[in-house]
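Residue strings, one per chain:
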Amino acid sequence: MPKAQDLSEFYPTPNLCQSGAVQMTVTVPACAFIYTDWALIETQFDPDQLHHKETVFTIGNGYLGTRGSFEEGYPRALPATLIHGVFDDVPVVYTELANCPDWLLLSVILNGERFRLDQGEILAYERRLDLRSGLLSRSVRWRSPSGSTVDLNFERFASLADEHALGLRCQISSLNFEGLIEVQASLNGYPENQGFNHWEQVGQGKTDPGGIWLQVRTRNSRIELGMAARLTLLGTESAIEVTNVPGYPTLTTAFQMAPGQTITVDKAVTVFTSRQVEAPAQTAQAKLAELPAYTDLFKANEHAWDTVWRQSDVVIEGDISAQLAIRYNLFQLMICAPRHDDKVSIAAKTLSGFGYRGHVFWDTEIFILPFFIYSQPALARNLLTYRYYMLDGARRKAKDSGYKGAMFAWESANTGDEVTPRWALPTDPYGADIRIWCRDREIHISADIPYAVWRYWQMTGDDAWMRDYGAEIILDTAVFWISRVELNTKDERYEIREVIGADEYHEHDVSNNAFTNRMVQWHLEKAILVYDWLHSQFPQNAAQLQEKLQLTSKQRSRWQDIVNNLWIPYDPSTGLIEQYEGFFDLEDINLADYEPRSQSMQDILGMEGASQRQVLKQPDVLMLLYLMRESQDFPYSLDILEKNWNYYAPRTDITYGSSLGPAMHAILASDLGQSEEAYERFMQAAMVDLENVRGNAGSGIHAASCGGLWQALVFGFGGVQLTPNGPVATPHLPPSWNRLKFKLHWRGYWHEFDLRPEGKGDSH
Ligand code: BGC
């Protein structure tokens, strides 16, 4: 077993495809957060939690995300502004979201003493994220080393009303300070992805009137970015100077202050890239010139948030941590969901950190998408349309692997080509490189995406989108499966060999993985329906697609044949589904024997050791049962669920395996009436980032867990099932909850649910 390198340089998430490639030790820090119904409040500054808190306090607007780094900057900080689609080449992992110029920088200098939290004395401190408006604020009472005391109130937001506009405010109040305050506000054109700089400087200068602009270009992908900024003072008048340090344009102003006086400095910033406009620097300047004052900009943002929350809010009464946590998790999804761009999608770590390099996984379609389908279907459509635009990449991948049709990338970026790294490198100079097999074998994604397409269509009735986009996704991936399945002539059945299922602890000799095989079978069942629907409803489109994909009625019969004969390792005598052929022959394990522990089972046993035992990183058979539960399709039944739960749940590394697991277990435990277990798993998912439960929140938000959490609320505790007349709830709320309220958009209508304990739920 090779000793793994700390991949933080190139691949900084411990939860790598094969998380055994990185040692993960979990410490659960004291978080010092206060949770209110709409605000997350930090009451102490803890330099040791810098990265975790930067992730937690990420703000954004669906166009960009900005980590919660401080305006004054710290040497160990990881400030980042990530913009959808701004990818650039990088060794080993092919491409990554390039960290964009830092717009936050603002220094306050009191008679030559620069405000910093690690100098002088912090007399009072509070940082607050207001989820209702997306406003991040910080109030600090600071005594400088020489004894000057001031109150500093910082605020920032990324406007949801106008995604190219960003606002930052610093209010300075003097308690005993008398003298000169200098404020320096910059744009940093040298942002780094942990040591790697993607940008070439193209230009910078002074805007008319009195602001600054910066233009940079990614080194390889040649994406240009323009940013512009201006400062406005309230409470004093003073000249604003422009200093054009190369790559670092800065606005400086200085004014006298006396005790009792308050002065406000507003920094307004605009940003565009060549993905939207031809001349981003000019557009950013023109936009800046017409940008309203800070308070008006904020009002418009507040209004936009109000509309969004009216569609998406979830009310929990009786459990303030759960209430805040669900809003927080939904907030993090909403700030990274592209609103006006359907050629990008939500990455596994959103736009909040460097983990997984901004790559998109099945996390989006299976875990995140349902929230958007049921609350903001237009955003769900954007996310799925992204996959349509990635089809060419998926076709290249299929061709390169010797298959037909479209084979989606396990990790996807801006072309749809596979960007999962092939290798992870060991720290031990004599150790062997570690091959990452997900790119070759974790092919269930080519059924997961069609599953999501179908789900979107069923929930929205969006026939036009299905005709123009969805059908091609479903059909060309179905073509891929024809070339990927193998006919076992001895047993007269189709098989799918050498895969990785949802559980990534097993990646060698995994054939006929129940999850993969049943998802493929389900996919082909739907492909036939879509094929027939298109022919009957839109014959012209059907003919065009038939020609483009070279479909024949022969293929349709092959799909049917595969549907009829694809092997699912299910034993009706026990009701057990075998995770894959031979899984039950592996050495069994009792996870309790390893308690207490703070590491994943793969870290403890090694990659090889885990793969030789019946231990799962995340639900696999149970994941399948969850996905088949909505339509009550084979093999879902409560009885089969119970039998398989009893087998697989105790063998799943639910706390330290994958963050995708706990929310799914919460739903299934809830179905089985295990309310304590359901609540424990729900809170584990709810707090994964807020309380850094897994110790790796610093590399970004666990987006799949956020989406899974919403599903756990609605389908688990709410017990929502879809009937031909719409969604109906059978609630089983955790004991402390007095109320669970949410609404679902289903086929053009809103359905409101206001659920109370003891099955007193009501759906309208
Ligand atoms: C999980 C995958 C997931 C990926 C990105 C891995 O650790 O096993 O299922 O897609 O992380 O979140």
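Quantities reported herein were computed from a predicted structural model and do not represent experimental measurements.

Participant: Give a detailed account of the domain arrangement of the protein chain, specifying residues and quantitative values.
Facilitator: What the domain assignment reports for the protein chain is domain 1 (57-311) and domain 2 (313-763). The straight-line distance from the C-alpha centre of domain 1 to that of domain 2 is 37 Å. Contact between domain 1 and domain 2 buries roughly 3,300 Å² in total, counting both sides, with carbon and sulfur atoms accounting for 65%. Contact with domain 2 buries surface across domain 1, with H84, W309 and Q311 losing the most and accounting together for 21% of the total. Summed over the shared surface of domain 1 and domain 2, the result is two salt bridges. Note that D341 and R275 form a salt bridge whose closest N and O atoms lie 2.9 Å from each other. At five residues, helix 3 (residues 294-312) tops the list of elements feeding residues into the side of domain 1 that touches domain 2. Looking at the side of domain 1 that touches domain 2 residue by residue, the class counts come to 20 nonpolar, 13 polar and six charged.

Participant: I'd like to hear about helix 18 (residues 675-686), residue by residue, with values.
Facilitator: Note: α-helices contain 3.6 residues per turn, so residues at a spacing of three or four share the same orientation. For helix 18, spanning 12 residues, the distance from its first C-alpha to its last is 16 Å, which sits close to the expected 16 Å at 1.5 Å a residue. Here helix 18 has its buried residues at A678, R681, F682, M683, Q684, A685 and A686. Buried residues belonging to helix 18 abut helix 4 (320-334), helix 17 (661-671) and helix 19 (703-717).

Participant: So what's going on with the site of the ligand? Residues and values would help.
Facilitator: Near the ligand there are 13 residues, and of these W362, D363, E504, K617 and Q618 occur at the shortest range. The side chain of Y356 places a nitrogen or oxygen atom 3.2 Å from an oxygen atom of the ligand. D363 places a side-chain nitrogen or oxygen 2.5 Å from an oxygen atom of the ligand. Starting from 310 Å² of accessible surface for the ligand in isolation, the protein chains cover 96%.

Participant: Provide a residue-level description of the pattern of salt bridges, including the pertinent values.
Facilitator: For the structure shown, the criterion picks out 52 salt bridges. When the shortest N-O distance is used, the salt bridge between E677 and R681 registers 2.9 Å. Linking E677 with R681, this pair stays in helix 18, spanning four residues, or about one helical turn.

Participant: Tell me what's going on with the pairing of strand 18 (residues 240-245), and back it up with residues and numbers.
Facilitator: Two elements, strand 18 and strand 19 (residues 248-257), share six bridges in a ladder whose sense is antiparallel. Along strand 19, the bridge assignment pairs T243 with T250. Hairpin connection, strand 18 to strand 19: the antiparallel pair is bridged by two residues, and G247 has positive phi, about 75 degrees.

Participant: Any chance you could break down the sheet that holds strand 10 (residues 121-130) for me, citing the residues and the numbers?
Facilitator: Two pairing modes exist for strands in a sheet, parallel and antiparallel, and in both the strands are linked by backbone hydrogen bonds. Strand order in the open sheet made by the 10 strands is 1-2-10-11-12-13-20-17-16-15, with antiparallel pairing throughout. The open sheet has two edge strands with one neighbour each: strand 1 (33-35) and strand 15 (199-207). Sheet twist, expressed as the mean angle between neighbouring strand axes with direction ignored, is 15 degrees. One ladder, built from nine bridges, connects strand 12 (residues 149-158) with strand 13 (residues 165-174); its direction is antiparallel. By the bridge assignment for strand 13, R156 is matched with L168. Each of strand 11 (135-143), strand 12, strand 13 and strand 20 (262-273) touches helix 3; the most contacted strand, strand 12, lies at about 50 degrees to it.

Participant: So what's going on with the sheet that holds strand 4 (residues 64-66)? Residues and values would help.
Facilitator: Within the open sheet, the three strands sit side by side as 3-4-5. Their pairing is antiparallel. Looking at strand neighbours, the two that pair on one side only are strand 3 (59-60) and strand 5 (81-83), the edges of this open sheet. When strand 3 meets strand 4, the two strands line up antiparallel, connected through two bridges. Bridge pairing in strand 4 links G60 to G65.

Participant: Describe the environment of R396, listing the residues and the values that go with them.
Facilitator: Locating R396 in the fold gives a position in helix 7 (residues 391-400). Each C-alpha atom, one on R396 and one on P377, is 30 Å from the other, the two residues being 19 residues apart in sequence. With near-sequence residues (within four places) excluded, R396 lies in contact with T415 and D417.

Participant: Any chance you could break down the side chain of T385 for me, citing the residues and the numbers?
Facilitator: Examined against the element boundaries, T385 turns out to sit in helix 6 (residues 377-389). When its relative accessible area of 3% is taken as the criterion, T385 is described as buried. A distance of 2.9 Å separates polar atoms of two side chains, one belonging to T385 and the other to W465.

Participant: Explain the nonpolar core to me, and be specific about the residues and the numbers.
Facilitator: Of all hydrophobic cores here, the largest spans 228 residues; its most connected members are W362, F372 and W559. At 12 residues, the largest contribution of residues to this core is made by helix 11 (residues 514-537). In this structure, this core is formed jointly by two domains, domain 1 (57-311) and domain 2 (313-763), each of which donates at least three residues. For W362, the contacting residues outside a window of four places in its chain are F367, R387, W410, H444, I445, D448, A502, F515, Q618, M623 and L660.

Participant: A description of the packing of helix 16 (residues 638-648) against helix 17 should follow, citing residues and the corresponding values.
Facilitator: Between helix 16 and helix 17, the least distance of the axes is 10 Å, while the angle of their chain directions is 120 degrees. The orientation of helix 16 with respect to helix 17, classified from their angle, is oblique. For the pair helix 16 and helix 17, the crossing hand works out as left-handed. Every residue of helix 17 that contacts helix 16 at L638, L641 and W645 is listed here: H665, L668, A669 and D671. Of the residues belonging to the contact of helix 16 with helix 17, the class tally is five nonpolar, one polar and one charged.

Participant: Lay out unusual backbone geometry in plain terms, naming residues and giving numbers.
Facilitator: Backbone phi values are negative for most residues with the exception of glycine, while trans is the configuration of most peptide bonds. Note the cis peptide between D208 and P209, where omega equals 5 degrees. The topology assignment puts P209 in the loop between strand 15 and strand 16 (211-218). In the segment running from E595 into P596, the intervening peptide bond is cis, with an omega of -5 degrees. A positive phi angle, near 50 degrees, is found at Q550, a position not held by glycine.

Participant: Lay out the packing of aromatic side chains with the relevant residues and their values.
Facilitator: By the definition in use, this model includes 47 aromatic pairs. Ring centres of Y389 and Y469 lie 6.5 Å apart, and the angle between their planes is 65 degrees; this geometry places the pair in the edge-to-face category. Of this pair, Y389 sits in helix 6 while Y469 sits in helix 10 (residues 463-484); the two residues are 80 residues apart in sequence, bridging distant segments of the chain. A ring pair is formed by F480 and W481, whose centres lie 4.8 Å apart and whose planes are at 50 degrees; its orientation type is tilted. W481 carries the same exposure label as F480, and that label is buried. An aromatic cluster is defined as three or more aromatic residues linked by ring pairs; in this entry it consists of Y356, F361, W362, F367, W410 and F515. Directly above the ring of F408 sits R387, whose terminal nitrogen or CZ lies 5.7 Å from the centroid. In this structure, R441 packs its charged tip against the face of W437, placed 3.9 Å from the ring centre.

Participant: Describe the packing of helix 11 against helix 15 (residues 621-629), naming the residues involved and giving the relevant values.
Facilitator: Any two packed helices are characterised by the angle at which their axes cross and by the distance between the axes. In contact at an axis separation of 9 Å, helix 11 and helix 15 are set at 25 degrees when each is read in the N-to-C sense. The orientation of helix 11 relative to helix 15 falls into the category roughly parallel. Here helix 11 and helix 15 pass one another in a crossing that is left-handed. Contacts between helix 11 and helix 15 involve A514, F515, R518, M519 and W522 from the first element and M623, L624, L627 and M628 from the second. Split by residue class, the contact of helix 11 with helix 15 holds eight nonpolar, no polar and one charged.

How each quantity is defined
- Residues numbered from 1 in each chain as written.
- Predicted model: local features only at pLDDT ≥ 70, side-chain atom pairs only at ≥ 80, totals over all residues.
- Heavy atoms only, no water.
- Domains from an automatic or database assignment.
- Buried area = accessible area lost by both parts, 1.4 Å probe.
- Salt bridge = Lys/Arg side-chain N within 4 Å of Asp/Glu carboxyl O.
- Helix = DSSP H or I, 4+ residues; strand = E, 2+ residues; numbered from the N terminus.
- Nonpolar A, V, L, I, M, F, W, Y, C, P; charged D, E, K, R; others polar.
- Expected span 1.5 Å × (residues − 1).
- Buried < 20%, exposed > 50% of the residue type's maximum accessible area, 1.4 Å probe, protein only.
- Contact = heavy atoms within 4.5 Å.
- Near = heavy atom within 4 Å.
- Polar contact = N/O pair within 3.5 Å; in protein donor to acceptor, adjacent residues only side chain to side chain.
- Areas by Shrake-Rupley, 256 points an atom, 1.4 Å probe, with all protein chains shown as cover.
- Pairing = 2+ DSSP bridges.
- Axes fitted to C-alpha atoms, helices over the stretch in contact; angles between N-to-C directions.
- Core = buried A, V, L, I, M, F, W, Y, C linked by side-chain atoms within 4.5 Å.
- Parallel < 35°, antiparallel > 145°, perpendicular 65-115°, else oblique.
- Left-handed = near helix turned anticlockwise from the far one by under 90°.
- Phe/Tyr/Trp six-rings, centres within 6.5 Å; stacked < 30°, edge-to-face > 60°.
- Lys NZ or Arg CZ within 6 Å of the ring centre and 35° of its normal.

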